[in-house]
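The primary structure of each chain is shown beneath.
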Amino acid sequence: MDDSLRSRWERLRERVDEACRDAGRDPSDVDVLPVSKTFGPELIREAVGLGLRRFGENKVQEIRDKYESLADCGIDWVMIGHLQTNKAGMVARLATEVQSLDRSRLAAALDRQLRAANRAIDALVQVKTSDEPSKYGLDPAQLLPFLDELADYPTLRVRGLMTLAINTPDLDEVRRCFRRLRELRDAAAARGHDLPRLSMGMSGDFPLAIAEGATEVRIGTALFGARPYPDSYYWPEAGRAP
Ligand SMILES: *Cc1c(COP(=O)(O)O)cnc(C)c1O
């Protein structure tokens, strides 16, 4: 089988399109966010050659490390991992979007840094949709007050919600996380918060996320292949299997 990046991308997009059709949805309503964490500039440049322009990274230091060597590519860097408040400045300078906005102090820090940089970025609120003790993300009960608070920060254009599903082979439980995010979005919409985007689903579970209304799936392994580091490096406290 042809294992080039191009053929992997085409196969992935076919699988996403098929999941959309199975769910009775229009494939053009679901984007793929390639997740390039641990992979170097050469591979990302190859992906740019396929027409990809947005890339998700879990650590802002990795965005910083790749930024210069890919500066000519016009990449939009999307921060999808847990963000420490003291790294908000790097995101404010280098990213076009943050999907891991999950607490007030972080919003305040990003706003301060974005004002200093004279920039505004898109933001998704990361919500905790499972009872796993280890996951980052906002407590769903705090979503409405947090959204009200974010309305005070014009530097953060809040576009939707993001979640990581529970890490379990039980597909019903995984799907419940995705459904929960959609229901939270609908409840927020009823209170006047327009949140068109739902970022949910990864290589192992994206068809379920699409069935529950994902507008964007974040895909690493299924596109770029196995990562050189185990996932425990990215979710240290989660102890995810490699
Ligand atoms: C790594 C990562 C992904 C992609 O994971 P795969 O299983 O490799 O597709 C998605 N979302 C976040 C937040 C990640 O850190």
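Everything numeric here is computed off the predicted structure, so don't read it as measured data. (Residues numbered from 1 in each chain as written. Predicted model: local features only at pLDDT ≥ 70, side-chain atom pairs only at ≥ 80, totals over all residues. Heavy atoms only, no water.)

A.B. asks: Before we move on, could you go through the UniProt feature "modified residue: N6-(pyridoxal phosphate)lysine" (unreviewed entry) in the chain and cite the residues and values that matter?
C.D. replies: The UniProt record annotates "modified residue: N6-(pyridoxal phosphate)lysine" (unreviewed entry) at K37. Checked against the element boundaries, K37 lands in the loop between β1 (31-34) and α2 (41-49). (UniProt positions renumbered as here; feature names shortened; annotations may be inferred. Helix = DSSP H or I, 4+ residues; strand = E, 2+ residues; numbered from the N terminus.)

A.B. asks: Explain the site of the ligand to me, using residue names and the numbers behind them.
C.D. replies: In the vicinity of the ligand lie 12 residues, with K37, N58, S203, T221 and R227 positioned nearest. Between the ligand and the protein, one listed contact pairs an oxygen atom with a side-chain N or O atom of N58 at 2.5 Å. In this structure, an oxygen atom belonging to the ligand sits 2.8 Å away from a side-chain N or O atom of R227. When the free accessible area of the ligand is taken as 390 Å², the share hidden by the protein chains comes to 95%. (Near = heavy atom within 4 Å. Polar contact = N/O pair within 3.5 Å; in protein donor to acceptor, adjacent residues only side chain to side chain. Areas by Shrake-Rupley, 256 points an atom, 1.4 Å probe, with all protein chains shown as cover.)

A.B. asks: Let's hear about helix α6 (residues 143-150): which residues, and what values?
C.D. replies: By the burial criterion, the buried members of α6 are L143, F146, L147 and L150. Down the axis of α6, the buried side of the element spans an arc of 100°, and every buried residue falls inside it. Taken together, the buried residues of α6 touch β4 (97-101), α5 (104-117), β5 (121-126), β6 (156-162) and α7 (171-190). (Buried < 20%, exposed > 50% of the residue type's maximum accessible area, 1.4 Å probe, protein only. Arc of directions from axis to C-beta. Contact = heavy atoms within 4.5 Å.)

A.B. asks: Tell me about the packing of aromatic side chains, and please be specific about residues and values.
C.D. replies: Applying the stated criterion across every chain, the model contains 2 aromatic pairs. Centre to centre, the rings of F39 and F224 are 5.6 Å apart; their planes meet at 35°, and the pair counts as tilted. Taken together, the residues span a long stretch of sequence, with F39 in the loop between β1 and α2 and F224 in helix α9 (residues 221-224) at a distance of 185 residues. For the pair F39 and F224, a shared accessibility class is recorded, and that class is buried. (Phe/Tyr/Trp six-rings, centres within 6.5 Å; stacked < 30°, edge-to-face > 60°.)

A.B. asks: Tell me about the pattern of salt bridges, and please be specific about residues and values.
C.D. replies: In this structure the tally under the stated criterion is 18 salt bridges. R197 serves as the salt-bridge partner of E97, at 2.7 Å between the closest nitrogen and oxygen. One end of the pair, E97, is in strand β4; the other, R197, is in strand β7 (residues 197-199), with 100 residues separating them in the sequence. Assigned by exposure class, E97 and R197 land together as buried. With a shortest N-O distance of 2.8 Å, R103 and D102 are connected by a salt bridge. Residue R103 is classed as partly exposed on the basis of its relative accessible area, which comes to 24%. For D102, a relative accessible area of 8% puts it in the buried group. Via salt bridges that share partners, R54, E97, R197 and E216 belong to a single interconnected network. (Salt bridge = Lys/Arg side-chain N within 4 Å of Asp/Glu carboxyl O.)

A.B. asks: Explain the nonpolar core residue by residue, including any values.
C.D. replies: Formed by 67 residues in total, the largest nonpolar core has its most connected members in L110 and L156. Once residues lying within four places of it in the same chain are set aside, the contact partners of L156 are L101, A107, L110, L114, I121, A123 and L150. L33, V78, L124 and M162 belong to the second largest nonpolar core, which has 6 residues in total. (Core = buried A, V, L, I, M, F, W, Y, C linked by side-chain atoms within 4.5 Å.)

A.B. asks: So, the environment of V16: which residues are in play, and what are the values?
C.D. replies: Here V16 lies in helix α1 (residues 5-22). Take V16: its relative accessible area is 0%, and that puts it in the buried class. Measuring from C-alpha to C-alpha, the distance between V16 and V35 comes to 15 Å, with 19 residues separating the pair along the chain. Not counting chain neighbours up to four residues away, the residues in contact with V16 comprise V30, V32, F206, I210 and V217.

A.B. asks: Pulling in residues and values, what's your account of the pairing of β5?
C.D. replies: Burial analysis of β5 places 6 of its 6 residues in the buried class, the great majority of the element. Of the two faces of β5, the one holding I121, A123 and V125 and the one holding D122, L124 and Q126 are both buried throughout. With 6 bridges joining them, β5 and β6 adopt parallel strand pairing. Note that in β6 the partner of A123 across the bridge is V158. (Pairing = 2+ DSSP bridges.)

A.B. asks: Mind laying out the side chain of S203, listing which residues take part and the relevant values?
C.D. replies: Of note, S203 is situated in the loop between β7 and α8 (206-211). Judged by relative accessible area, which is 17%, S203 ranks as buried. A distance of 3.5 Å separates a polar atom in the side chain of S203 from the backbone nitrogen of T221. There is a polar contact of 3.0 Å between the side chain of S203 and the backbone nitrogen of A222.

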